[in-house]
Amino acid sequence: MKPAFYVTTPIYYVNDVPHIGHAYTTVAADVLARYKRLMGYEVCFLTGSDEHGQKVEKAAITAGETPLELADRVVKRFQALWERLGISNTDFIRTTQERHKKGVAHIFTDILEKGDIYLGEYEDWYCTPCETFWTETQLSDNRCPDCNRPVEKLKEESYFFRMSKYQQALLEHIEANPDFIQPKSKRNEIISFVKEGLRDLSVSRTTFTWGIPVPGNEKHVIYVWFDALTNYVTALGYPDATPEYGRFWPVDVHLIGKDILRFHSVYWPTFLMAAGLPLPKKVYAHGWWTVEGQKMSKSLQNVVEPNMLIDKYGVDVVRYFLLREVPFGLDGDFSHAALVQRLNSDLANDLGNLLSRSTAMAVKYFNGVLPEPAELTESDLALKKKTVEMVTAVDACMDDLAFSKALQAIWDVISAGNKYIDEQAPWTLAKDQALNDRLATVMYCLLESQRIVHCILSAFLPATTEKALCSLGCPKEVDQAVLAWGGLKAGTTVCKAEALFPRMEG
Ligand code: ME8
């Protein structure tokens, strides 16, 4: 049986339409999912939508719709975008689905019955956009310390989760599992936060109704984060002991933005501890995108719409840019100029040009029928070694979610291929019939190196890979075996690749 791998994205709020920030996490999860499939794993890849809470309720009122009408409308935009972006999720959970509501009610009741949820009273400062209560001391200038918007004083009867009880257990877990929270700088922030002390957490609201009712006390709805985080298990069928739950929980990695790390690395694990369920193996918080140097926001009207980028540049250019431009885990800046630069230099010049040049030569010198290579010389062996070592290097990078570094390793092989053509000069070899064997070997090495490059790139640039493998006469289905040198067979028919990426003016 294949080994199992489970990766998730956050479930996105439906009060906002999708932008490049959402696309970023989802593309990263997709690349990981595709890579793991390539390496022989059975992958469960979950994304979805977060549809309850005051924020969605307020947006629906403003739009003159019911919250569910709003959700039905906006969720289609997310799903359509994921399709365009080539996202290979295996499930899509909506928090308004029965399977989810049932699971949330169950875990809430379970923790209540175990004594770690109790009824009390709450009075504190509340930030509606963030759906978060803050103490007086946490406020910055009487505003929300996260988003800097005004907060309001709220007092309500509330159910509380005994989070304080789990402070020590959580700290011990974080310390015993260095990979649990990544990257490291973020892990340290969470350790300090937990050491400052965990307060019990309000996990119900009575000031609005758009949510999952507390079982047995329906004037309360369950706190939207308690509801939302549980999606990662309800999608697997929790609380039923389904085969999916048995196979995929605990999750291998929750991919999230740094804005929601505390919810995933403090709240969620302590809820799970209280319910007696295993904790996620890893929570990875990536960095934040700004746009042309500014925070992306509706009021600045600088929200970057992924559909527009796909129309303008093509889907794989967007996928490539997002993962190549900024090391995962760090903040980055989106600009059209930087994107066009990557497109022209990395994709059009390096990757695309190498393939069209070499396939054109195979057609010209061998009628497109790949010849048998003769014995490899030192320079052939060097290209082979570089290619083979790249496969191992990429694997290590993917374990660390170092997407940009993985792409760099792949591009080193592409550069080596470009250099190899120039040094071996097939056009000179072609002039002398006596050098035909040598020409055959050079063409073989060149194309074989690129076949492996494109197979591994299938995780990143699936649409491009399909075209490239087709011109190399190789099947578009890829698995781990195709990453070995020697997969390209003599006699294969190669045809000239069209420009994979047309250059664009800056
Ligand atoms: O927080 N740069 O949903 P959300 C990078 N529903 N990533 C960004 C980004 C930016 N500028 N803006 C958004 C929620 N993101 C909750 C999650 S999970 C149980 C519930 C990405 O719609 C990033 O992944 O506000 C961030 O964590 C997520 O969108 C927040 O999406």
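Definitions and cut-offs
- Residues numbered from 1 in each chain as written.
- Predicted model: local features only at pLDDT ≥ 70, side-chain atom pairs only at ≥ 80, totals over all residues.
- Heavy atoms only, no water.
- Helix = DSSP H or I, 4+ residues; strand = E, 2+ residues; numbered from the N terminus.
- Rg over C-alpha atoms; globule rule 2.2 N^0.38 Å.
- Buried < 20%, exposed > 50% of the residue type's maximum accessible area, 1.4 Å probe, protein only.
- Areas by Shrake-Rupley, 256 points an atom, 1.4 Å probe, with all protein chains shown as cover.
- Lys, Arg positive; Asp, Glu negative; His and termini not counted.
- Charge placed at Lys NZ, Arg CZ, Asp CG, Glu CD.
- Right-handed = clockwise from strand over helix to strand, strands pointing away.
- Pairing = 2+ DSSP bridges.
- 1 Å grid on protein atoms, 1.4 Å probe; cavity = no way out; pocket = protein on both sides within 12 Å on 5 of 7 lines; lining within 4 Å.
- Points joined across faces, edges and corners; volume = space filled by probe spheres on them.
- Nonpolar A, V, L, I, M, F, W, Y, C, P; charged D, E, K, R; others polar.
- Salt bridge = Lys/Arg side-chain N within 4 Å of Asp/Glu carboxyl O.
- Near = heavy atom within 4 Å.
- Polar contact = N/O pair within 3.5 Å; in protein donor to acceptor, adjacent residues only side chain to side chain.
- Axes fitted to C-alpha atoms, helices over the stretch in contact; angles between N-to-C directions.
- Parallel < 35°, antiparallel > 145°, perpendicular 65-115°, else oblique.
- Left-handed = near helix turned anticlockwise from the far one by under 90°.
- Contact = heavy atoms within 4.5 Å.

Q: What's the story with the overall build of the protein chain in this structure? I'm lost.
A: Tallying secondary structure elements over the protein chain gives 18 helices and 16 strands in all. Scaling as 2.2 N^0.38, a compact globule of 506 residues should have a C-alpha radius of gyration of about 23 Å, and the protein chain matches this with 26 Å. Split into buried and exposed, the 506 residues of the protein chain put 57% on the buried side. For the protein chain, the exposed area adds up to about 21,000 Å²; of that, 51% sits on carbon and sulfur atoms. Taking the average place of the 54 positive charges on the side chains of the protein chain and the average place of its 65 negative ones, the gap between the two points comes to 2 Å.

Q: Teacher, can you tell me more about the pairing of strand 1 (residues 4-13) here?
A: Moving residue by residue along a regular strand, the side chains alternate between the two faces of the sheet. The buried fraction of strand 1 is high, at 9 of 10 residues. In this fold, the crossover linking strand 1 to strand 2 (residues 42-50) by way of helix 1 (residues 20-38) has right-handed handedness. In this sheet, strand 12 (residues 253-257) lies alongside strand 1 in parallel orientation, the contact comprising 2 bridges. When the bridges of strand 12 are listed, Thr 8 appears paired with His 254.

Q: What should I look at first to understand the layout of surface pockets in this one?
A: Unfilled space is identified by rolling a water-sized probe across the atoms. When its volume is computed, the second largest pocket comes out at roughly 410 Å³. Elements with a minimum of two residues in the lining of the second largest pocket: strand 5 (132-134), helix 6 (184-195), strand 8 (201-202) and helix 10 (261-275). Of the residues in the lining of the second largest pocket, the class split is 9 nonpolar, 7 polar and 6 charged.

Q: Sorry if this is basic, but what is going on with the pattern of salt bridges here?
A: When charged atoms on two side chains of opposite charge get close, those side chains can pair. What the rule picks out here adds up to 25 salt bridges. The salt bridge partner of Glu 325 is Arg 342, with a shortest N-O separation of 2.7 Å. Pair noted here: Glu 325 is in helix 12 (residues 315-325) and Arg 342 is in helix 13 (residues 336-366), with a separation of 17 residues, a long-range link. The exposure class of Glu 325 is partly exposed, given its relative accessible area of 25%. Take Arg 342: its relative accessible area is 19%, and that puts it in the buried class.

Q: Sorry if this is basic, but what is going on with the site of the ligand here?
A: In the region of the ligand, 23 residues are neighbours, and Ile 11, Thr 25, Asp 50, Asp 259 and Trp 289 sit closest. In this structure, a nitrogen atom belonging to the ligand sits 2.7 Å away from a side-chain N or O atom of Asp 50. Backbone polar atom of Gly 257 to an oxygen atom of the ligand: 3.0 Å apart, as the coordinates give it. Secondary-structure elements contributing two or more residues to the shell around the ligand are strand 1, helix 1, helix 7 (224-229) and helix 8 (231-234). If you tally residues by element for the shell around the ligand, the top one is strand 1, at 4 residues.

Q: Quick question: what am I supposed to make of the packing of helix 1 against helix 14 (residues 378-399) here?
A: Between two packed helices, both the angle of their axes relative to each other and the distance between the axes serve to describe the pair. Their axes nearest at 11 Å, the elements helix 1 and helix 14 cross at an angle of 130°. For the element pair helix 1 / helix 14, the angle class is oblique. Read as a crossing pair, helix 1 and helix 14 show a hand that is left-handed. Facing helix 1, whose interface residues are Val 31, Leu 32, Tyr 35 and Lys 36, helix 14 presents Val 394, Asp 395, Met 398 and Asp 399. Residues that form the contact of helix 1 with helix 14 fall into these classes: 5 nonpolar, no polar and 3 charged.

Q: When you look at the sheet that holds strand 11 (residues 217-222) in this model, what are you seeing that I'm missing?
A: Strand pairs in the sheet, formed through backbone hydrogen bonds, run parallel or antiparallel to each other. Pairing is antiparallel across the open sheet formed by 3 strands, whose spatial order is 9-11-10. The strands lining the two open edges of the sheet, one partner per strand, are strand 9 (204-205) and strand 10 (213-214).

Q: Explain the sheet that holds strand 14 (residues 289-291) here, please?
A: Taken in spatial order, the 3 strands line up as 15-14-16 in an open sheet, and their pairing is mixed. Edge positions in the sheet fall to strand 15 (294-295) and strand 16 (332-334), since each has one partner strand and no second. Here strand 14 pairs with strand 15 via 2 bridges, running antiparallel. In the sheet register, Val 291 faces strand 15, and the bridge partner there is Gln 294.

Q: Is there a simple way to explain unusual backbone geometry in this structure?
A: Where the residue is not glycine, phi is negative for most of them; where a peptide bond is considered, it is trans in most cases. Cis geometry marks the peptide bond from Tyr 238 to Pro 239; its omega dihedral reads 10°. Among the structural elements, Pro 239 can be located in the loop between helix 8 and helix 9 (243-248). Unusually for a residue other than glycine, Asn 142 sits at a positive phi of about 60°. Mapped onto the elements, Asn 142 comes out in the loop between strand 5 and strand 6 (152-161). Residues other than glycine seldom take positive phi values, yet Asn 148 does so here, at roughly 65°. Under the relative-accessibility criterion, Asn 148 is labelled partly exposed at 44%.

In short, geometric facts, not functional conclusions.
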